[in-house]
Amino acid sequence: MSYRDVASKQVLIWACTTIGARMPVAMAPLALVFLVRERPGGYSLGAILAAAYVIGEIVGAPFLGMRLRPDHARVHLAVGLAVGAAAFTGLGVFPDAHSTVLAGLALVAGAAPAAATGGLRTLLTVLVPERAAAQALSVESILTAGVWAVSPAAVAGLALGVAPPVPLLLAAALMASSVTGLWLLPAGWGADDTGGEDRTGTSMLRLLIGAWPVYVMGAASLALLGLAELVLPALLEQRGVGVGWSGPLLTGMAVGGGLGAFVHGLRSWPGRLRTRSVVLMCGTSVCVALAALIPGTAGIAVALVVGGTLQSCAMLTRNLSLREALPPGALAAGYSVMYAAAGAGYAATGSLAGALLKVVAPSTAILAGVGLTLVLTGVGWWGEVRRAGRSAPGADTAVTLGPAASRPAAARPAAARPAASGSAASDPVAPGPEGPAIGGRSDAERLL
């Protein structure tokens, strides 16, 4: 396994397409605040518009993701991104429109392209050899960290230095460019192999519900990121530090995330994926808690950088776990649900912290959010242990449920069998007789 397996012209085109699709997502909340901040009650209206955008993402991702057909994904994604680009254009061209109109446009801008994250992630994994799936997901995380590191500065610079609508017009142009990029990539990722029932929504829904512990852990992972981003300015003010430091500190956290993703992809890591997730989540929680307790800016910076490093690795283990829990035809929908769950975790923790800030110190609000995150982590871990207990003994990582498992073991190259899960030391796959149905369902559904 090596990053050399990921280096190709197709992956480069995918990266450019992904930047065009995701940069607007990272820019949107702050850009919406800057768009209306000079109106009466502008900051409150900006928060409402940002909330409408996030709600659109949370609702649109699973709804549209479940309708992605593996063999016709390009058209579906292109339409969603085009509609999203049109909504961003409307926001930028009509900044003085009624607040209800702006909220509706923000909702559409969030919802229409929401399936793109899951679809592009699935497409990436078919552009590389099966053995390089972990490295491909690491490359995606590095790219995402870079996007989130650059976006806040780009929005603030354009909104303050040029005009408030400009960041949204740039977002529209970037999203439109991603539509062009899609036509230089494969139309999909193969035939639909979820058994046919998913065309009515029944089997697909069962598959996605069966992977609920992975979504809970994913929500917990992003909840800590939201906690750090939303409460950091208030925490710095509590410590007597200029709130202007919040930007560089969050950039450092994003850089740490990119570094963590890169290191994670360099090798296979021992242990079950669920165990690694818990360890990484606990480590991230400790870092965020330390950031709330350390008085000095340097200490806060170190805690956030290390926390970002661990958080990105935790999110990677969740994506690898989802590849084990779902068959190839359901992966795009699964990634979309994960996207929505992570957004919900971000919003829930931010809302909790925002409510607590009215009655407690920022450091206390952060610690309460860390407590909620640890509860979510515990629930997710319990669900994965319980799910593994219902399957064959040792099936937690021994039975690969992702794309590699959709082919008989004897038909796959030896190097491509356990390596794709990122935990080769605990993922032996040997040919043998088909096991019994799991949980009363057919073996083809591949539910742990």
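Keep in mind that this is a model prediction, so the values were computed, not measured. For every chain, the first residue of its written sequence is number 1, and the numbers climb from 1 along that sequence. Local features in this predicted model are restricted to residues whose pLDDT is 70 or higher, and side-chain atom pairs enter the listing and the counts only when it is 80 or higher, whereas totals over whole chains, interfaces and linings include all residues. Note: side-chain values were computed over all heavy atoms of the structure, leaving out hydrogens and water.

## A few points about the overall build of the chain
Moving on, step 1. Each helix and strand counted, the chain has 15 helices and zero strands in total.
Moving on, step 2. Categorising residues by exposure relies on relative accessible area from a 1.4 Å probe, with only protein chains included: less than 20% of the type maximum marks a residue as buried, more than 50% marks it as exposed, and the intermediate range marks it as partly exposed. A burial count over the chain gives 53% of its 448 residues as buried.
Moving on, step 3. For the chain, long-range pairs separated by at least 24 residues make up 82% of all intrachain contacts whose partners lie at least 6 apart in sequence.
Moving on, step 4. Carbon together with sulfur atoms contributes 71% to the accessible area of the chain, which is approximately 17400 Å² in total. Counting from the N terminus, the helices are the DSSP runs of H or I reaching at least four residues and the strands are the DSSP runs of E reaching at least two. Contact between two residues is taken to exist if any of their heavy atoms lie within 4.5 Å; hydrogens are not considered. Residue-level accessible areas treat just the shown protein chains as cover; the underlying method is Shrake-Rupley with a 1.4 Å probe.

## Observations regarding the nonpolar core
Moving on, step 1. One finds Trp14, Leu32, Tyr53, Leu68, Leu81, Phe88 and Leu168 to be the most contacted residues of the largest nonpolar core, which totals 56 residues.
Moving on, step 2. Every element with two or more residues in this core is listed here: helix 1 (9-36), helix 2 (42-65), helix 3 (73-93), helix 4 (99-111), helix 5 (116-127), helix 6 (133-161) and helix 7 (166-182).
Moving on, step 3. With 15 residues, the single largest contributor to this core is helix 1.
Moving on, step 4. Among residues more than four places away in sequence, those in contact with Tyr53 are Pro24, Val25, Ala28, Leu32, Phe88, Ala106, Ala109 and Gly110. In these notes, a set of buried Ala, Val, Leu, Ile, Met, Phe, Trp, Tyr and Cys residues joined through side-chain atoms within 4.5 Å is what counts as a nonpolar core.

## Concerning the packing of aromatic side chains
Each aromatic ring pair is characterised by the separation of its centres together with the angle its planes make.
Moving on, step 1. Pairing of aromatic rings covers Phe, Tyr and the six-membered ring of Trp, with a centre-to-centre limit of 6.5 Å; geometry is then stacked below 30 degrees between planes, edge-to-face above 60, and tilted otherwise. Under the defined criterion, the tally for this structure stands at two aromatic pairs.
Moving on, step 2. Between Tyr53 and Phe88, the ring centres sit 6.1 Å apart and the planes meet at 50°, which makes this aromatic pair tilted. Here the residue Tyr53 occupies a position in helix 2, and Phe88 occupies one in helix 3, the gap between them amounting to 35 residues.
Moving on, step 3. With relative accessibility at 1%, the residue Tyr53 sits in the buried group.
Moving on, step 4. Its relative accessible area of 1% is what places Phe88 among the buried residues.
Moving on, step 5. Each ring, one from Trp212 and one from Trp382, has its centre 6.3 Å from the other, and the planes form 50°; the classification is tilted. You can see Trp212 sitting in helix 9 (residues 212-238) and its partner Trp382 sitting in helix 14 (residues 362-390), a full 170 residues away along the chain.
Moving on, step 6. Assessed through its relative accessible area of 47%, Trp382 is described here as partly exposed.
Moving on, step 7. Sitting above the plane of the Phe63 ring, Arg67 keeps its charged end 4.0 Å from the centroid.
Moving on, step 8. Placement of a positive charge over a ring is assigned whenever Lys NZ or Arg CZ falls within 6 Å of the ring centre and within 35 degrees of the normal to the ring plane. One residue, Arg121, lies across the ring of Tyr335, its end atom 4.9 Å from the ring centre.

## Brief notes about the pattern of salt bridges
Moving on, step 1. Just to be clear on terms, a salt bridge is a Lys or Arg side-chain nitrogen sitting within 4 Å of an Asp or Glu carboxyl oxygen. Taken as a whole, this structure holds three salt bridges when the rule is applied.
Moving on, step 2. For Glu384, the salt bridge identified is with Arg318, shortest N-O distance 2.9 Å. Of this pair, Glu384 sits in helix 14 while Arg318 sits in helix 12 (residues 297-325); the two residues are 66 residues apart in sequence, bridging distant segments of the chain. In this pair, the class of Glu384 matches that of Arg318, namely buried.
Moving on, step 3. Here the salt bridges share partners, and the residues they tie into one network are Arg22, Arg121 and Glu140.

## Remarks on the packing of helix 11 (residues 273-293) against helix 14
Moving on, step 1. Axis lines are fitted to C-alpha atoms, over the contacting stretch for helices. Their N-to-C directions set the angle, which ranges from 0 to 180 degrees. Axis separation between helix 11 and helix 14 bottoms out at 9 Å; the angle between their running directions is 175°. Accordingly, the angle class assigned to the pair helix 11 and helix 14 is roughly antiparallel. Contact residues: helix 11 offers Arg274, Val278, Met281, Cys282, Ser285, Val288, Ala289, Ala292 and Leu293, while helix 14 offers Ser363, Ile366, Leu367, Val370, Thr373, Leu374, Thr377, Trp381, Glu384, Val385 and Ala388.
Moving on, step 2. Amino acids are sorted into nonpolar (Ala, Val, Leu, Ile, Met, Phe, Trp, Tyr, Cys and Pro), charged (Asp, Glu, Lys and Arg) and polar (every other residue, Gly among them). Split into classes, the residues belonging to the contact of helix 11 with helix 14 amount to 14 nonpolar, four polar and two charged. Roughly parallel refers to an angle under 35 degrees, roughly antiparallel to one over 145, roughly perpendicular to one between 65 and 115, and oblique to any angle outside these ranges.

## Overview of the packing of helix 11 against helix 12
Moving on, step 1. Direction vectors running N to C along helix 11 and helix 12 enclose 160°, while the axes themselves pass 8 Å from each other. With respect to each other, helix 11 and helix 12 are oriented roughly antiparallel. The handedness of the crossing between helix 11 and helix 12 comes out as left-handed. Here a crossing is called left-handed whenever its near helix is offset anticlockwise from the far helix by less than a right angle, and right-handed whenever the offset is clockwise.

## Section: the environment of Pro95
Moving on, step 1. Note on placement: Pro95 falls in the loop between helix 3 and helix 4.
Moving on, step 2. Along the primary structure Pro95 and Pro164 are separated by 69 residues, whereas in three dimensions their C-alpha atoms are 8.5 Å apart.
Moving on, step 3. Ignoring sequence-local partners within four residues, the contact set of Pro95 consists of Leu35, Arg39, Leu102 and Pro165.

## A few points about the confidence of the model for the chain
Moving on, step 1. Averaged over every residue, the pLDDT of the chain is 79; residues scoring 70 or more account for 84%.
Moving on, step 2. The predictor attaches a confidence to each residue, and that confidence, scored 0 to 100, is pLDDT. Of the regions scoring below 50 in pLDDT, residues 198-202 engages in eight contacts with residues more than four places distant in sequence or in other chains.
Moving on, step 3. This stretch, residues 392-448, has a pLDDT under 50; its non-local contacts, to residues over four places away or in other chains, come to 102 contacts.

## Re helix 11
Moving on, step 1. A helix is expected to span 1.5 Å for every residue after the first. With 21 residues, helix 11 should cover 30 Å at 1.5 Å per step; its first-to-last C-alpha distance of 30 Å lies within 8% of that length.
Moving on, step 2. The buried fraction of helix 11 amounts to 15 of the 21 residues, a majority that puts the element mostly inside the structure.

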